[in-house]
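What follows is each chain in one-letter form.
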Amino acid sequence: GAVVSQHPSWVICKSGTSVKIECRSLDFQATTMFWYRQFPKQSLMLMATSNEGSKATYEQGVEKDKFLINHASLTLSTLTVTSAHPEDSSFYICSATGPNLGYSPLHFGNGTRLTVT
Amino acid sequence: GIQVEQSPPDLILQEGANSTLRCNFSDSVNNLQWFHQNPWGQLINLFYIPSGTKQNGRLSATTVATERYSLLYISSSQTTDSGVYFCAVLGGGGSNYKLTFGKGTLLTVNP
């Protein structure tokens, strides 16, 4: 149980275009989702937290107009990288949890490797 | 926010050796998880262990919440154990929960 599906697993796009990444909870209701970014040989850095039906909370230094997060349902959250540039190339990974946040483990998608040319 | 420190940053072992990875955190936490990140980037959840001791095959983990640390033990290591091991802690509360990762331990197991 507790499967999180992330799509696509990798994407290559041209500079200036937008890319949407989907994160789905397949067998539970994800009331909270977290989006992380990981550069090569570094740790995962939290970008934003989204709760179903409300606006995402972004970490300091993360541009909310560039990284649009939508959590419109209990099973789907999307991250859109708008007007992507080569410096946005990174590994993006989502995590989801149910209403018992704080008392149950978080489950992660398999990540999306974004390359902007 | 909560600070998470992992040690050692790098570890090289011969197959069959045992090892201990450490995770220190700066404040009380609601939960703690250990992950293994494979070469494809997938995070494999090893343990959800806010306190106490758990074992799963050759791996075991202990968290002493009152002293703010957790240990991951790997016994009889195998080459497939190679990769990065992350400790992540969940702190905050209400709408401010955050799962913060340490910088990881890069484990290399040589045949």
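Refer to the structure printed above.
On a predicted model such as this, the values are computed, not experimentally measured, just so you know. (Residues numbered from 1 in each chain as written. Chains lettered and ligands numbered in written order. Predicted model: local features only at pLDDT ≥ 70, side-chain atom pairs only at ≥ 80, totals over all residues. Heavy atoms only, no water.)

How do you make sense of the pairing of strand E11 (residues 105-110) of chain B when you look at a structure like this?
Along any regular strand, the residues point their side chains to alternate faces of the sheet. All names here are of chain B. Side chains of E11 alternate between two faces, with Thr 105, Leu 107 and Val 109 buried and Leu 106, Thr 108 and Asn 110 left unburied. Bridge count between strand E9 (residues 83-91) and E11: 3 bridges; the pairing is antiparallel. Its bridge partner lying in E11, Val 84 is registered against Leu 106. (Buried < 20%, exposed > 50% of the residue type's maximum accessible area, 1.4 Å probe, protein only. Helix = DSSP H or I, 4+ residues; strand = E, 2+ residues; numbered from the N terminus. Pairing = 2+ DSSP bridges.)

Please explain the side chain of His 36 of chain B as it appears in this structure.
All names here are of chain B. Here His 36 is to be found in strand E4 (residues 31-37). Judged by relative accessible area, His 36 falls into the buried class, the value being 12%. Among the polar contacts made by the side chain of His 36, one reaches the main-chain carbonyl oxygen of Ser 82 at a distance of 2.9 Å. Aside from chain neighbours lying at most four places away, what touches His 36 is Gln 42, Leu 43, Ile 44, Leu 46, Thr 80, Asp 81, Ser 82, Gly 83, Val 84 and Tyr 85. (Polar contact = N/O pair within 3.5 Å; in protein donor to acceptor, adjacent residues only side chain to side chain. Contact = heavy atoms within 4.5 Å.)

How should I be thinking about the pattern of salt bridges in this particular structure?
Counted by the stated rule, this structure contains 5 salt bridges over all chains. Between Arg 24 of chain A and Glu 22 of chain A there is a salt bridge whose closest N-O contact spans 3.4 Å. Take Arg 24 of chain A: its relative accessible area is 34%, and that puts it in the partly exposed class. Linking Lys 98 of chain B and Glu 59 of chain A is a salt bridge whose minimum nitrogen-to-oxygen distance equals 3.0 Å. Here the residue Lys 98 of chain B occupies a position in strand E10 (residues 98-101), and Glu 59 of chain A occupies one in the loop between strand E6 (57-58) and strand E7 (67-73), the pair thus bridging two chains. According to the relative accessible area criterion, Glu 59 of chain A is buried, its value standing at 18%. (Salt bridge = Lys/Arg side-chain N within 4 Å of Asp/Glu carboxyl O.)

What exactly am I supposed to notice about the layout of surface pockets here?
Empty space among the atoms can be located by rolling a probe the size of a water molecule over them. The calculated volume of the largest pocket comes to roughly 640 Å³. Lining the largest pocket we find 27 residues, and of these Gln 38, Pro 40, Lys 41 and Gln 42 of chain A together with Val 84 of chain B sit closest to its centre. Elements with a minimum of two residues in the lining of the largest pocket: strand E9 (90-97) and strand E11 (112-116) of chain A together with strand E1 (4-7), E9 and E11 of chain B. Tallied by class, the residues present in the lining of the largest pocket amount to 10 nonpolar, 12 polar and 5 charged. (1 Å grid on protein atoms, 1.4 Å probe; cavity = no way out; pocket = protein on both sides within 12 Å on 5 of 7 lines; lining within 4 Å. Points joined across faces, edges and corners; volume = space filled by probe spheres on them. Nonpolar A, V, L, I, M, F, W, Y, C, P; charged D, E, K, R; others polar.)

Where do I start with the nonpolar core in this structure?
The biggest cluster of nonpolar side chains holds 23 residues, and the ones touching the most others in it are Trp 35, Leu 79, Tyr 92 and Leu 114 of chain A. The set of elements that each furnish at least two residues to this core consists of strand E2 (10-13), strand E3 (19-25), strand E4 (32-38), strand E5 (44-51), E7, strand E8 (76-81), E9 and E11 of chain A. Apart from the residues within four sequence positions on either side, Leu 79 of chain A is in contact with Val 19, Lys 20, Ile 21, Trp 35, Phe 67, Leu 68, Ile 69 and Tyr 92 of chain A. Membership of the second largest hydrophobic core comes to 21 residues, among which are Leu 32, Phe 47, Leu 59 and Val 109 of chain B. (Core = buried A, V, L, I, M, F, W, Y, C linked by side-chain atoms within 4.5 Å.)

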